[in-house]
Amino acid sequence: MDPRRALPSVDALLGDPALGPAVEAHGREAVKQSVRRVLEGLRKDPAALEGDADEALRGLILADVERAAAPSLRAIVNGTGVVLHTNLGRAPLAEEAIAAAARAAGYGNVEYALETGERGSRYDHCVGLLRELAGTDAALVTNNNAAAVSLCVNELSAGRETIVSRGELVEIGGSFRIPDVVARSGAILREVGTTNRTRLTDYSAAVGADTGVLLRVHPSNYRVEGFADRPTIDELVELSRDTGLPLVHDIGSGLLRTDLLPGFPPEPTVAESVSAGADLVTLSGDKLLGGPQAGLIVGRADLIARLRRNPLLRAFRVDKTTLAALEATLLLHRDPEVASRRIPTLRMLRETAESVERRARAGLEEALAGAPPPAGLSIARTEAVVGGGSFPGFALPSAGWVVAAGRAGGSPDALAAVCRGLRPPLIGRIHDGDFTVDVRTVPEGHEAAAAALLLEAVGKSGDGGS
Ligand SMILES: *Cc1c(COP(=O)(O)O)cnc(C)c1O
């Protein structure tokens, strides 16, 4: 018999009690779509129905319903050792920030003054904390730092020139390119100096009646070494004072103070830039600050007041859940000891290699529960990195689980693919043919679960191999 004749109708299937729970959970329309999709597939490929055709058909439909309802955005286990991983969501939020975002998700006083019952401004939230932490008179929050820079350039320099050193005309991951940002913000880019050397006189010679703003950009993930020089921020501040032109400093990575990351190489901080006298400092919320995706602008009250009136701000508007998560993160930053303990980014960056190794060992032991580790799997020292364009070239001694190259049972690429297919997916990295899961980026308390995922993957990838 032609199996196509045996296929039940859509309506018959929707009435099937076996699909009842799926209809209950996902709705009749969603299940109907799956039924249609599966029946269509079977008309093209009747052989896909094996064994008990009725049962197989229901199985296919239920699997399709689950697939269609699975969220595209999923939690993963970051075993890459890249703390601020641009592709894996950058900064993981502190528990306090997650709770605050959840609280803010419903109704809230986002733009409402509770004292008077009148309209308030979302841009008033976080300002007090940012003033305290940055030591400035004013602050403004946008939806990311790219928006913050764009807003500053537009307000201070639209139709006029923005002076930038050629050494700072960088592209930062995700196609944030300074020349394009300046141009799209309505300003004319005035490049000064060369790629490796820019002098203060290059800036002063370029200043003229058409100049709108001096823009200093932290090159972040890019470094010029050797015969390289550029004016200090103090020198630029002096030029800014002499010429009356505002100086905007995009520090990018968002470190508040150097003491938050002892032993790390120098990275521009908010404190340093503000105390030097930059008029506006912009930074990301989800890099070294360890908060949600946001752009922070701190600095002179008169300039911030102008930014707040700029119509572009409406397009760069920060969301209420972001504001809440940012506020919670900033609250933790009020005490450096609390910040380094409670903010995952700082905690991961500050953890010693010995401590990471201890966690790797304990997690693996717990997951093995007395069984011997599979051949080729060991605990080893690794090198983690900060990521997010911060501290390029700086390696953090770390530790993790390494599945050696040449292990029987499959290539590291195959193992990586199996790991990505787990629930939750485990993302590692391949180095010299070894597959490595760095435990620095595995949150405390999750080591055993992460080790169990790796063991599962090693078992699976071993089945088909050797
Ligand atoms: C990361 C970075 C940006 C972009 O910030 P987003 O928050 O990702 O928009 C801009 N400038 C610098 C210097 C950066 O490092």
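Everything here concerns the structure above.
Residues numbered from 1 in each chain as written. Predicted model: local features only at pLDDT ≥ 70, side-chain atom pairs only at ≥ 80, totals over all residues. Heavy atoms only, no water.

Engineer: Go over the overall build of the chain with me, naming the residues and quoting the values.
Structural biologist: Looking only at helices and strands, the chain has 19 helices and 18 strands in total. Dimensions of the chain along its principal axes, counting C-alpha atoms only, are 90 × 55 × 45 Å. Taken over 466 residues, the chain has a buried fraction of 47%. Partitioning the contacts of the chain with sequence separation of at least 6, the portion at a separation of at least 24 is 73%. Split by element, the accessible area of the chain, about 22,200 Å² in all, is 50% carbon and sulfur. Side chains of the chain give 51 positive and 60 negative charges; the mean places of these two sets differ by 3 Å. (Helix = DSSP H or I, 4+ residues; strand = E, 2+ residues; numbered from the N terminus. Buried < 20%, exposed > 50% of the residue type's maximum accessible area, 1.4 Å probe, protein only. Contact = heavy atoms within 4.5 Å. Areas by Shrake-Rupley, 256 points an atom, 1.4 Å probe, with all protein chains shown as cover. Lys, Arg positive; Asp, Glu negative; His and termini not counted. Charge placed at Lys NZ, Arg CZ, Asp CG, Glu CD.)

Engineer: Which residues make up the nonpolar core, and what are the values?
Structural biologist: Counting 89 residues, the largest nonpolar core has Leu280 and Ile297 as the members making the most contacts within it. When residues no more than four places from it in sequence are discounted, the contact partners of isoleucine 297 are Ala138, Ala139, Leu140, Thr142, Ala148, Leu151, Cys152, Leu280, Val281, Thr282, Ile304 and Leu307. With 25 residues, the next largest nonpolar core counts Val356, Leu364, Val403 and Val437 among its residues. (Core = buried A, V, L, I, M, F, W, Y, C linked by side-chain atoms within 4.5 Å.)

Engineer: Tell me about the sheet that holds strand β14 (residues 377–387), residues and numbers included.
Structural biologist: Strands sit in the order β2-β14-β15-β18-β17 across an open sheet of five strands; the sheet is mixed. At either margin of the open sheet sits one strand with a lone partner, and together these are β2 (82–84) and β17 (429–431). Neighbour to neighbour, the strand axes of the sheet diverge by 45 degrees on average, direction disregarded. Relative to β14, β2 runs parallel, the two being bridged by two bridges. Across the sheet, the residue bridging to valine 82 is valine 385, located in β14. On the sheet, helix α17 (residues 353–368) packs against β14 and β15 (390–403) and is oriented at approximately 30 degrees with respect to β15. (Pairing = 2+ DSSP bridges. Axes fitted to C-alpha atoms, helices over the stretch in contact; angles between N-to-C directions.)

Engineer: I'd love a proper account of the site of the ligand, names of residues and values included.
Structural biologist: Taken together, Arg90, Asn144, Asn145, Ala146, Ile172, Phe176, His218, Ser220, Asp250, Gly252, Ser284 and Lys287 make up all the residues around the ligand. Between an oxygen atom of the ligand and a side-chain N or O atom of arginine 90, the distance comes to 2.8 Å. A distance of 2.6 Å separates an oxygen atom of the ligand from a polar side-chain atom of serine 220. Classifying every residue of the shell around the ligand gives three nonpolar, six polar and three charged. (Near = heavy atom within 4 Å. Polar contact = N/O pair within 3.5 Å; in protein donor to acceptor, adjacent residues only side chain to side chain. Nonpolar A, V, L, I, M, F, W, Y, C, P; charged D, E, K, R; others polar.)

Engineer: Go over the packing of aromatic side chains with me, naming the residues and quoting the values.
Structural biologist: Counted by the stated rule, this structure contains three aromatic pairs. Taking 5.1 Å as the distance between ring centres and 55 degrees as the angle between the ring planes, the aromatic pair formed by phenylalanine 264 and phenylalanine 394 counts as tilted. With phenylalanine 264 in the loop between β11 (247–252) and α11 (270–276) and phenylalanine 394 in strand β15, this residue pair connects regions lying 130 residues apart in the sequence. Since its relative accessible area comes to 16%, phenylalanine 264 is described here as buried. Here the aromatic rings of phenylalanine 391 and phenylalanine 394 are separated by 6.1 Å at their centres, their planes lie at 50 degrees, and the arrangement is tilted. (Phe/Tyr/Trp six-rings, centres within 6.5 Å; stacked < 30°, edge-to-face > 60°.)

Engineer: A description of the state of the cysteines should follow, citing residues and the corresponding values.
Structural biologist: Here is the idea: a disulfide is a covalent bond, and it sits between the sulfur atoms of two cysteines. Summed over all chains, the structure comprises zero disulfides. The closest cysteine sulfur to the non-disulfide-bonded cysteine 126 is located on cysteine 152, 17 Å from its own sulfur. Judged by its relative accessible area of 5%, cysteine 126 is buried. (Disulfide = S-S within 2.5 Å.)

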